[in-house]
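Here is how the chains run, residue by residue.
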Amino acid sequence: RARAAPQERRRRVAPLAAAPPARAGDEPLLRGIFEIGKRSCDVVLSARRLRWSPILPESPTGDSSVALQAQEEIIEMKDVFSVKLKRRRFAGQQKGGTLLGITIFKCLNKEENKLTDCAIHLNNLSEDHCQLWFRHLKEILNGFQNRPKSLKVFVNPSSHKREATNIYYEKVAPLFKLADIKTDVTVTEYEGHALSVLKECELQAFDGVVCVGGDGSVSEVAHGLLLRAQIDAGKDTEYVSKPVRAPVPLGVIPAGTTNILAHTLYGIKHAVTAALHIVMGHIQAVDVCTFSTPRKLLRFGFSAMFGFGARTLALAERHRWMPSSQRKDFAFIKTLADLRPEECELSFLPLQIPQEDTDEKDRITLLYLGSKDQWQKIQGHFLNVSIMAIPCLCSMAPRGLAPNTRLNNGSMALIVVQNTSRTEFIKHLKRYTTAKNQFNFPFVETYTVQEVKVQPRLKSGPDAKENVCLNAEGNYPWNIDGDLMKEASEVHVRVHPQLIDLYGVNTDDLESSQVTCNCI
């Protein structure tokens, strides 16, 4: 401030743009002079935003130009995720150094749902001046809710092209460190490793859990989180009719092949975008399904396929020695060549539509007021049965496998593909890659449901050889979130509204962050 004072006699501060009456958080906390982008600027900090305008030479007439008002820059503080003191250090110097100013790191929304980070440098050589501003900026950032300070991280090194470890340490970990987030990392060594750790670790020490991997890895961690919640609540985990919510949010860093949950949450497969949603604390409540037999809980999950989708996954798992992309292409083509329907009985409870004047809490309650008399049954030969509580977006299905459902509307999409020719079935599959309606076929039926029971019907006698989906133990394969599960008896699927919080898209934050400043 002292260095800038002589210049203030010859220069005029550009007037701040006219604003409406100050709202709570708009009152100035600090005002000072920093060099930003090689220009001296008058900087004002409030709890809601940081704004500055250049200090320009005074007009000969003494009048302020209207054009100067347009040069004001604004940063919304809710878009800032880190602030650091900027110092010049010699090679090998770890601490101290010459203070140069303050660097503010901001989350920036770019095209196609992609997030990135940018830095704004506020240069000032005064130690006291910068320390004062630094403390106030840190206090504002510490006041934001849902932003994690400590995370439990699971990395599956075997995901896709074995790139999960590199993705985490090269792209994600630096952002966590920049945001002063402490991490405890477990690199999983076998299937079920994350589940074992989650059952035993001190979850209360963490603000969230992060999974770096594909759909199967994420499914395992989500299942482990919810199973741990039931154990901590003293519930019987053998059969859970009314589960309790997960204790902490789950973050998903996409490092697999399909990455359905990441696409659904972020609209894109982009590790930096996913990491920034976690850093910013963007929380999205999401519905979860329970998959149970009449006697026990099998799994928590978000979506499932029985029939073609499950047999394709089962065949791919038997060819793990092949590269990931080749294995899945082979399994898809082979299963399509051997296309056969499954005979089963589907029982489902349709979604109960509440009255328009009911509020959100009553709406969720009404979803579970259906009586047993409202159950419906269909029996026949089906090529595929999909049960999905989320839209299931991916690069191969940009509209989603179940575009008519939502992340947290308390319902599931039941999609039934009846027996048809291979040619017609391929036409149906191709529709997923386009903007056309993939359900506009006479052999495809869709229902919005609360519960589903799937009961396979075994053939006997001369037709017994058509039980092609059975394995040696007499179990049918299920594809649950890209994870293979095998079960012989009836499977009962229920949706449970908003059972887990996921780090994901916060629409308000994304819209506001499109009004950006230059990163300098």
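Residues numbered from 1 in each chain as written. Predicted model: local features only at pLDDT ≥ 70, side-chain atom pairs only at ≥ 80, totals over all residues. Heavy atoms only, no water.

Section: the packing of helix 10 (residues 324-337) against helix 12 (residues 422-431)
Interaxial distance between helix 10 and helix 12 falls to 11 Å at its minimum, and their mutual angle equals 145 degrees. The segment helix 10 lies against helix 12, with Phe332, Leu336 and Ala337 engaging Arg422, Phe425, Ile426 and Leu429. In terms of residue class, the contact of helix 10 with helix 12 is made up of 6 nonpolar, no polar and 1 charged. (Axes fitted to C-alpha atoms, helices over the stretch in contact; angles between N-to-C directions. Helix = DSSP H or I, 4+ residues; strand = E, 2+ residues; numbered from the N terminus. Contact = heavy atoms within 4.5 Å. Nonpolar A, V, L, I, M, F, W, Y, C, P; charged D, E, K, R; others polar.)

Topic: the packing of aromatic side chains
One pair of aromatic rings is described through two measures. These are the centre distance and the angle between the planes. Within the structure shown, the criterion is met by 11 aromatic pairs. Taking 6.4 Å as the distance between ring centres and 45 degrees as the angle between the ring planes, the aromatic pair formed by phenylalanine 81 and phenylalanine 105 counts as tilted. Of the two residues, phenylalanine 81 is situated in strand 6 (residues 80-88) and phenylalanine 105 in strand 7 (residues 98-109); the sequence distance between them amounts to 24 residues. Assessed through its relative accessible area of 5%, phenylalanine 81 is described here as buried. When the ring of tyrosine 432 is compared with that of phenylalanine 439, the centres are 6.4 Å apart and the planes differ by 85 degrees; the resulting orientation is edge-to-face. An identical accessibility class is assigned to tyrosine 432 and phenylalanine 439; each is buried. Each residue in the set Tyr168, Tyr169 and Phe176 is aromatic and connected to the rest through ring pairs, giving one cluster. A cation sits over an aromatic face here: lysine 152 above phenylalanine 154, 5.4 Å from the ring centre. Directly above the aromatic system of tryptophan 375 lies the positively charged group of lysine 453, at a separation of 4.9 Å from the ring centroid. (Phe/Tyr/Trp six-rings, centres within 6.5 Å; stacked < 30°, edge-to-face > 60°. Buried < 20%, exposed > 50% of the residue type's maximum accessible area, 1.4 Å probe, protein only. Lys NZ or Arg CZ within 6 Å of the ring centre and 35° of its normal.)

Focus on the nonpolar core
Membership of the largest hydrophobic core comes to 85 residues, with the highest contact counts inside it found for Phe81, Phe176 and Ile253. When near neighbours in sequence (up to four residues on either side) are disregarded, phenylalanine 81 contacts Phe105, Lys106, Cys107, Asp117, Leu141, Arg147, Leu175, Leu178, Ala179, Leu276, Val279 and Met280. (Core = buried A, V, L, I, M, F, W, Y, C linked by side-chain atoms within 4.5 Å.)

Considerations on the pattern of salt bridges
According to the stated counting rule, one finds 16 salt bridges in the structure shown. A salt bridge links glutamate 424 to lysine 427; the shortest N-O distance between them is 3.3 Å. In this pair, glutamate 424 and lysine 427 are both assigned in helix 12, 3 residues apart and thus about one turn of the helix distant. Take glutamate 424: its relative accessible area is 25%, and that puts it in the partly exposed class. By relative accessible area, which is 42% here, lysine 427 ends up partly exposed. Linked through salt bridges whose partners overlap, the residues forming this network are Lys84, Lys138 and Asp180. (Salt bridge = Lys/Arg side-chain N within 4 Å of Asp/Glu carboxyl O.)

Points about the pairing of strand 2 (residues 28-36)
Taken together, the 8 bridges between strand 2 and strand 3 (residues 39-46) define a ladder with antiparallel strand orientation. If you follow glutamate 35 over to strand 3, its bridge partner there is serine 40. Hairpin connection, strand 2 to strand 3: the antiparallel pair is bridged by 2 residues, and glycine 37 has positive phi, about 60 degrees. (Pairing = 2+ DSSP bridges.)

A few points about the packing of helix 4 (residues 164-178) against helix 8 (residues 271-280)
Where helix 4 contacts helix 8, the axes come no closer than 9 Å and their chain directions differ by 30 degrees. Classed by the angle they form, the pair helix 4 and helix 8 counts as roughly parallel. Considering only the axes of helix 4 and helix 8, their crossing is right-handed. Contact with helix 4, carried on its side by Ile167, Lys171, Val172, Leu175 and Phe176, involves Ala271, Val272, Ala275, Leu276, Ile278 and Val279 of helix 8 and no other residues of that element. (Parallel < 35°, antiparallel > 145°, perpendicular 65-115°, else oblique. Left-handed = near helix turned anticlockwise from the far one by under 90°.)

A closer look at the environment of lysine 453
Inspection of the secondary structure puts lysine 453 in strand 19 (residues 444-456). The class for lysine 453 is partly exposed, based on a relative accessible area of 26%. For the pair lysine 453 and histidine 492, spaced 39 residues apart in the sequence, the C-alpha separation amounts to 4.4 Å. Those residues in contact with lysine 453 that lie beyond four places of it in its chain are Glu345, Leu346, Ser347, Trp375, Glu490, Val491 and His492.

Some points on the environment of alanine 331
Considering the arrangement of structural elements, one finds alanine 331 in helix 10. Along the sequence, alanine 331 and alanine 314 sit 17 residues apart, while their C-alpha atoms lie 8.4 Å from each other. In contact with alanine 331, not counting residues within four places along its chain, are Thr312, Leu315 and Ala316.

A look at helix 9 (residues 308-317)
The buried count for helix 9 comes to 9 of 10 residues, which makes it a mostly enclosed element. When we look at burial in helix 9, the residues that qualify are Phe308, Gly309, Ala310, Arg311, Thr312, Leu313, Ala314, Leu315 and Ala316.

Brief notes about the environment of glutamine 450
Residue placement: glutamine 450 occurs in strand 19. Considered as a pair, glutamine 450 and alanine 389 are 61 residues apart in the sequence and their alpha carbons are 9.4 Å apart.

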